[in-house]
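Each chain, letter by letter, is given below.
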Amino acid sequence: MLEFIRDLFLMDGQGKYVWFVLLIFFIVICFNYYLPYRAIRKIKEENSQHTGE
Amino acid sequence: MNNTSTLFSWFRLILKRDLALSFKKIATFLIPLVFFLIVISLFPLALGTENSFLSSLSPGVIWVAALLASLLAVESIFNEDFRDGTLDHFLLSGEPIFILVFAKVFAHWLVTGVPLLLASLISTFFLFLPEGVVLPLLISLLIGTLLLSLLGALGSALTIGKTAILSAVIVLPLSIPILILGVAIITSAINNQDYLSYLYFLGAMLAVGIPGLCLATVEAISINYD
Amino acid sequence: MGSPPFFFKWASRLLPWFSPISFSILIIGLIWGVGFAPSDYKQGDVYRIIFVHVPSAILGQSIYLMMAIFGSICLIWRAKLAGMFLRSAAPLGASFTLIALISGAVWGKPTWGTWWVWDARLTSTLILFFLYVGIIGLYSSIDNKQKGDRAASLISVVGVIIVPIIKKSVDWWQTLHQPSTFSITSSPSMTSDMYFPLLICVIGFYFIFVSLLCNRLRVEILTRERNTTWVKEYLNNKV
């Protein structure tokens, strides 16, 4: 099991390329998820301030 | 019959006005020309003066310079008229916008494209191009600059009132086929290969581009004045 | 049907289900591809980048086509929602094209020894990225949202007509300048245990794109219809 995980990470020295690509991919995807989330939260906050006053 | 003759008189009127304006300010047609020559002469300064090396690079150099010079002048197509209100006046007159676009593109090409043809003749001496290449160079630039003016008009109409750099970012990727075909024509001519097939393709692009891009420009203008 | 409130309601109802499903498809595809698919006999393990590279390249192109379709709808029928679709899809298309470019570069380093090759396909992907940037720059510079939508629609419709010409001319440029030393087109013959995870990844990417698009659309609808009664009702009920 441990052997398998180590192989998965190293991939005969090519692991860095594969994992780097996956990392970039997930960063971009998460960023794209986060932006609309933040925008909606902002709209809601502004709205609650408006009604609160 | 009456209708077509009024359209033609509108065309002549706008063309005359634009040409008169640019001859009044001599800069509008001299500056792109000088810019073109400056860019051309930057390359030998940057890359060295070895004849064979320069003439192998020259097709690309000439076309990149033509692309930049043509786009530099693009802002003047609609922005000036937008600022002083001429564009509003024309649109209020109810005449078809098509004729305006057509006349303005043609005027822009006469003022920037045709001087570039002359400048490219000078650049053949600068870059040691063989004499047999002059004819394909001129023909390809003739068609290519007209296409660039059409594309530039679209970019200028889309970005009326905005910076010219935005219109360049939009238009430059779309002008890549013109660049590639133009370079292909000159390179084939230098190597004594058949360049006519590329030339026909460029001509076909022009034949489609005149109505297509003019329509798109008309649409772009009417988006701005809705 | 095409009205923003209707779409907003459905998107809000479906997204809590749809996003986890699309994420799980993607994760299953990636784990299968990266962890369990056999390694390539020529390239070794580095070929596993394909499971990110190919789906994002496919998406980058199909999003552009999708934008042109939305754009023509927006221009012809002046449908508001189509313009919002276009506006939400453009940054996603740019993101996926960027991922395709970066993953291609990282894949190129160990296999060809360089980060970049002026190959026809790489070049046209780069041009596609520039086109996306132009569209984004155009609509974000126009303050009036409706006008921005229509300008972006126009340029994406014009672009989609010119893209085949760009591709053709890039092919010519390729033959003109260099005998291609690397051929990407002759891909290693894929066995089915490589092909299936790739297929799942492509499907997962499409699902992720749809859920991201719906997320962005909800924001777009909310910000534009801010002053309507239904948005106020929605916000007041939810907060």
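Calculation criteria
- Residues numbered from 1 in each chain as written.
- Chains lettered and ligands numbered in written order.
- Predicted model: local features only at pLDDT ≥ 70, side-chain atom pairs only at ≥ 80, totals over all residues.
- Heavy atoms only, no water.
- Helix = DSSP H or I, 4+ residues; strand = E, 2+ residues; numbered from the N terminus.
- Buried < 20%, exposed > 50% of the residue type's maximum accessible area, 1.4 Å probe, protein only.
- Contact = heavy atoms within 4.5 Å.
- Lys, Arg positive; Asp, Glu negative; His and termini not counted.
- Charge placed at Lys NZ, Arg CZ, Asp CG, Glu CD.
- Buried area = accessible area lost by both parts, 1.4 Å probe.
- Salt bridge = Lys/Arg side-chain N within 4 Å of Asp/Glu carboxyl O.
- Polar contact = N/O pair within 3.5 Å; in protein donor to acceptor, adjacent residues only side chain to side chain.
- Disulfide = S-S within 2.5 Å.
- Nonpolar A, V, L, I, M, F, W, Y, C, P; charged D, E, K, R; others polar.
- pLDDT = per-residue confidence, 0-100.
- 1 Å grid on protein atoms, 1.4 Å probe; cavity = no way out; pocket = protein on both sides within 12 Å on 5 of 7 lines; lining within 4 Å.
- Points joined across faces, edges and corners; volume = space filled by probe spheres on them.

Let us look at the overall build of chain C. On a plain count of helices and strands, chain C comes out with 7 helices and 0 strands. Taken from the N to the C terminus, the helices and strands of chain C come in the order α-α-α-α-α-α-α. Overall, the C-alpha framework of chain C stretches about 60 × 40 × 25 Å when taken along its three principal axes. Residues classed as buried in chain C amount to 52% of the 239 residues present. Nonlocal contacts in chain C, meaning residues at least 24 apart in sequence, comprise 79% of its contacts between residues at least 6 apart. Here chain C contributes 20 positive and 10 negative side-chain charges, whose respective centroids are spaced 9 Å apart.

The next subject is the interface of chain C and chain B. In this assembly, 25 residues from chain C lie in contact with 26 residues from chain B. With both sides pooled, the region where chain C packs onto chain B buries about 2,300 Å², and carbon together with sulfur makes up 80% of that total. On inspection of chain C and its partner chain B, the count reaches 1 salt bridge. As a salt-bridge pair, B:Glu219 and C:Arg150 come within 3.4 Å of each other at their nearest N and O atoms. On the surface where chain C and chain B come into contact, there are 2 residue pairs in polar contact (both at pLDDT 80 or more). Going through the elements one at a time, helix H4 (120–141) and helix H5 (145–177) of chain C are the ones with two or more residues in the side of chain C that touches chain B. Counting residues per element, the side of chain C that touches chain B draws most heavily on H5(C), which supplies 15 residues.

The final tally for this structure, using the stated rule, is 0 disulfides over all chains. Note on A:Cys30: no disulfide assigned, nearest cysteine sulfur contributed by C:Cys201 at a separation of 16 Å.

It is worth spelling out the interface of chain A and chain C at this point. Counting from both sides, the interface comprises 27 residues of chain A and, opposite them, 39 residues of chain C. Between chain A and chain C the total buried area reaches about 3,000 Å² when both faces are included, carbon and sulfur atoms providing 79% of it. At the surface where chain A touches chain C, the tally comes to 1 salt bridge. Of the charged contacts, one joins A:Glu46 and C:Arg226 as a salt bridge, the two residues approaching to 2.9 Å between their closest N and O atoms. The interface formed by chain A and chain C holds 3 residue pairs in polar contact (both at pLDDT 80 or more) in total. Those elements that place two or more of their residues in the side of chain A that touches chain C are helix H1 (2–10) and helix H2 (15–52) of chain A. Broken down by element, the side of chain A that touches chain C gets its largest block of residues, 22 residues, from H2(A). Grouping the amino acids of the side of chain A that touches chain C by side-chain chemistry returns 19 nonpolar, 5 polar and 3 charged.

Now for the confidence of the model for chain C. Counting all residues, the mean pLDDT for chain C is 85, and 92% of those residues have values of 70 or more. For the stretch residues 179–183 of chain C, pLDDT sits under 50, and the model shows 3 contacts to residues farther than four places along the chain or on other chains.

Of the voids in this model, the second largest pocket is the one considered here, and its volume is about 660 Å³. Around the second largest pocket, the lining comprises 26 residues; the ones closest to its centre are B:Val64, B:Leu179, B:Ile180, B:Val183 and C:Trp173. At the level of elements, helix H2 (27–47), helix H3 (51–72), helix H8 (164–174) and helix H9 (176–190) of chain B together with H4 and H5 of chain C are the ones that each hand at least two residues to the lining of the second largest pocket. At 7 residues, H3(B) tops the list of elements feeding residues into the lining of the second largest pocket. Counted by class, the lining of the second largest pocket contains 20 nonpolar, 6 polar and no charged residues.

With that out of the way, let us pick up the pattern of salt bridges. Residue and element names in this part refer to chain B. Here the structure, examined in full by the defined rule, presents 12 salt bridges over all chains. Among the ionic pairs, Asp18 bridges to Lys104, the shortest N-O distance being 3.0 Å. Residue Asp18 is found in helix H1 (residues 2–24), and its partner Lys104 is found in helix H6 (residues 97–126); the two are separated by 86 residues along the sequence. One exposure class covers both Asp18 and Lys104, and it is buried. Here Arg83 makes a salt bridge to Glu80, at a shortest N to O gap of 3.6 Å. In this pair, Arg83 and Glu80 are both assigned in helix H4 (residues 79–84), 3 residues apart and thus about one turn of the helix distant.

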